[in-house]
Amino acid sequence: MRIIAGQWRGRKLLSPPDDAVRPTTDRVREALFSMIQARLGGFAGLRVADIFSGSGALGLEALSRGAEHVTFVDSARASCRLVEQNAAALQAGDRIQVLNRPATSLPPAAEPYDLIFMDPPYGKSLVGPTLAQLAYQNWVSPETIVVVETPRAEEINDPSWTVLRSATYGGTRVSLILPVLSH
């Protein structure tokens, strides 16, 4: 696994030694970052969260492309250590925060994030409860783009969220969504 673009382009990332984490493939990462780039025009200065972060590849890719800060959330301590190791190798430790906790029990955010990646384990019914937590704990504003990876057959059908774009890549569906919040 490697960083695709930005200041760390081509740099390798440590991957988990087992199959407990399902890393986003380079092809899917490239496609989703192209969708985000088209929507936002760039990553400079963004506050990003990488929920179910695994190795941290999505958040670290955003940092490489100019994001200001990334908060990584994962319930597995081994994944949190992996994120910390990858960030240290890129000398990005001062631009990250790592929270070792379930995504369904997030702490309140001081301010909403600009972009949130969500790549939950498939088949665990975690998308809905996590999206509810993001809204409840102030992680999103009406402008926050949330990128959700799901199995190909799973679509986001929640009236609290608007699907901006959805695309499938092999067995993976990537959806860009916005919260429907009162202003």
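Attention here is on the structure that accompanies the text. (Residues numbered from 1 in each chain as written. Predicted model: local features only at pLDDT ≥ 70, side-chain atom pairs only at ≥ 80, totals over all residues. Heavy atoms only, no water.)

Next up on the list: the sheet that holds strand β3 (residues 96-100). Sheet architecture is open: seven strands sit in the order β3-β2-β1-β4-β5-β7-β6, paired in mixed fashion. Edge positions in the sheet fall to β3 and β6 (161-169), since each has one partner strand and no second. Each strand of the sheet is rotated relative to its neighbour by a mean of 15 degrees, with strand direction disregarded. Both strand β1 (residues 47-51) and strand β2 (residues 69-74) contribute to a ladder of five bridges, which runs parallel. Of the residues in β2, the one forming a bridge with D50 is F72. Strand contacts of helix α1 (residues 26-40): β4 (115-118), β5 (145-151), β6 and β7 (172-179), with the helix running at about 25 degrees to β7, the strand carrying the most contacts. Contacting β1, β2, β3, β4 and β5, helix α2 (residues 57-64) crosses the sheet at an angle of about 180 degrees to β2. (Pairing = 2+ DSSP bridges. Helix = DSSP H or I, 4+ residues; strand = E, 2+ residues; numbered from the N terminus. Axes fitted to C-alpha atoms, helices over the stretch in contact; angles between N-to-C directions. Contact = heavy atoms within 4.5 Å.)

Here is a general trend for soluble globular proteins: nonpolar side chains tend to be buried in one another's company. By size, the foremost hydrophobic cluster in this structure holds 34 residues, and its most contacted members are L32, L115, F117 and V147. Elements supplying a minimum of two residues to this core: α1, α2, β2, α3 (77-89), β4, β5, β6 and β7. Here the element with the most residues in this core is α1; it accounts for six residues. Residues V73, L106, V127 and V146 belong to the second largest nonpolar core, which totals 21 residues. (Core = buried A, V, L, I, M, F, W, Y, C linked by side-chain atoms within 4.5 Å. Buried < 20%, exposed > 50% of the residue type's maximum accessible area, 1.4 Å probe, protein only.)

Okay, the environment of P121 next. Mapped onto the elements, P121 comes out in the loop between β4 and α4 (127-136). Residue class for P121 comes out partly exposed when judged on its relative accessible area of 40%. The spacing of P121 and E149 is 28 residues in sequence and 9.3 Å in space, taken between C-alpha atoms.

Our focus in this paragraph is α2. Most of α2 sits out of view: eight of its eight residues are buried. Buried residues of α2: A57, L58, G59, L60, E61, A62, L63 and S64, and no others. Backbone geometry just after α2 places G66 at a positive phi near 120 degrees.

Time to look at the pattern of salt bridges. Taken as a whole and assessed by the stated rule, the structure comprises four salt bridges. Where R65 meets E61, a salt bridge forms, and the shortest distance between an N and an O atom there is 2.8 Å. By the burial criterion, R65 is buried, and E61 matches it. Close ionic contact of E84 with R77 constitutes a salt bridge, the shortest N to O distance being 3.6 Å. Its relative accessible area of 38% is what places R77 among the partly exposed residues. Through salt bridges with shared partners, a single network forms among R29, E61 and R65. (Salt bridge = Lys/Arg side-chain N within 4 Å of Asp/Glu carboxyl O.)

On β4, burial covers both faces: L115 and F117 on one face and I116 and M118 on the other are all buried. Taken together, the four bridges between β1 and β4 define a ladder with parallel strand orientation. Opposite A49, over in β4, you have I116 as the bridge partner. Remark: the β4/α4/β5 crossover connection has right-handed handedness. (Right-handed = clockwise from strand over helix to strand, strands pointing away.)

So, about the packing of α1 against α2. Across the interface, α1 lies against α2 with an axial gap of 12 Å and an inter-helix angle of 50 degrees. With respect to their mutual orientation, α1 and α2 come out oblique. α1 and α2 meet at a crossing whose hand is right-handed. Across the interface between the two elements, R29, L32 and F33 from α1 touch A57, L58, E61 and A62 from α2. Residue classes in the contact of α1 with α2 are distributed as five nonpolar, no polar and two charged. (Parallel < 35°, antiparallel > 145°, perpendicular 65-115°, else oblique. Left-handed = near helix turned anticlockwise from the far one by under 90°. Nonpolar A, V, L, I, M, F, W, Y, C, P; charged D, E, K, R; others polar.)

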